Amino acid sequence: MGLWFGAVVIGDARTRILDAAEELFAGGGYEGTPTAVIAKLAKVPKELISQYFPRKIDVLVALVTERTHVEEDDQVDAVPGDPAGTLARLSRVLPLRASPAMRRILFREADTHGSVKERLGRLNGELARRARFALGLALPGARGDAARLEVAAATFAAILIYQENLCQLTGHQIDPDAVAELIAHSLV
């Protein structure tokens, strides 16, 4: 059991702080969210936030670091001759540990915070690398040259990462299977 601070159990306070910050940063942005509001939503004393995160920027950095991790992995369920199925299966197993709210935060704050921009770039790079690897397995030989596979992989990764923002703009969800089919048709 955690320690008590007033009427609050401290053991899960850090997680509640990050959960609240994620919700608030996604809705109103980093700059528009005072730490007092984070504390209120997290149901913790404001002073407790500074014990975990000495500066407000430390909250953002922790969110980005901890909640957008994609592990490097080359295991792909690729079927030679089936690039659409290969990409569709890849989209379902990618360990994209960024909630829709975190993806909004990444795109919103990348312009103003270098660590966020760097994380977004690494996330995009890893997804593109996996898609390129999967397409190379699905299209062996001369069926897809390196430049075309690179563009197809980059497009697929960008759509997977950016889909939440597009949904907010248009109100429509993007079907990763349909995107996989479209990209596959462009390669064969």
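Here the structure is a predicted model, which means the values were calculated and not measured. (Residues numbered from 1 in each chain as written. Predicted model: local features only at pLDDT ≥ 70, side-chain atom pairs only at ≥ 80, totals over all residues. Heavy atoms only, no water.)

## Structural notes on unusual backbone geometry
For the record, the criterion: Only DSSP runs of H or I with at least four residues qualify as helices, and only runs of E with at least two residues qualify as strands; both kinds are numbered from the N terminus onward. Exposure categories follow from relative accessible area, calculated using a 1.4 Å probe and restricted to protein chains: below 20% of the type maximum is buried, above 50% is exposed, and the middle band is partly exposed.
Within the chain, Lys43 stands out as a residue other than glycine whose phi angle is a positive 60°. Here Lys43 lies in the loop between helix 2 (35–42) and helix 3 (46–52). A relative accessible area of 64% places Lys43 in the exposed class.

## So, the pattern of salt bridges
Using the following cut-off: Salt bridge, as used here, is a side-chain nitrogen of Lys or Arg placed within 4 Å of a carboxyl oxygen of Asp or Glu.
Inspection of every chain in the model, using the stated rule, returns 12 salt bridges. Notably, a salt bridge pairs Arg130 with Glu126, separated by 3.0 Å at the nearest N-O pair. Remark: Glu126 and Arg130 occur in helix 7 (residues 114–138); sequence separation between them is 4 residues, near one turn of the helix. For Glu126, a relative accessible area of 8% corresponds to the buried category. One salt-bridge network, in which partners are shared between bridges, spans Asp19, Glu22 and Arg67.

## Structural notes on helix 7
Helical geometry: 3.6 residues make up each α-helical turn, so side chains three or four residues apart lie on a common side. To be explicit about the condition: To estimate how far a helix should reach, multiply one less than its number of residues by 1.5 Å.
Compared with an ideal rise of 1.5 Å per residue, which puts 25 residues at 36 Å, helix 7 spans 36 Å between its outermost C-alpha atoms and is within 8% of the ideal. Every buried residue belonging to helix 7 is among Val116, Arg119, Leu120, Leu123, Glu126, Leu127, Ala128, Arg130, Ala131, Ala134, Leu135 and Ala138, and all of these are buried.

## A short note on the packing of aromatic side chains
Heads up, the rule is: Between the rings of Phe, Tyr and Trp (Trp by its six-membered ring), a pair exists once the centres lie within 6.5 Å; its type follows the angle of the planes, with under 30 degrees stacked, over 60 edge-to-face, and the other angles tilted. Two limits define a charge over a ring: the Lys NZ or Arg CZ must be within 6 Å of the ring centre, and within 35 degrees of the ring normal.
Per the counting criterion, the structure on display carries 2 aromatic pairs. Ring geometry for Phe25 versus Tyr30: centroids 5.4 Å apart, planes at 70°, classification edge-to-face. Here Tyr30 falls in the buried class, since its relative accessible area comes to 7%. Here the aromatic rings of Tyr52 and Phe53 are separated by 6.3 Å at their centres, their planes lie at 45°, and the arrangement is tilted. Above the ring of Tyr30, the side-chain terminus of Lys56 is found at 4.4 Å from the ring centroid.

Honestly, that's just the spatial picture; any functional story needs more than this.
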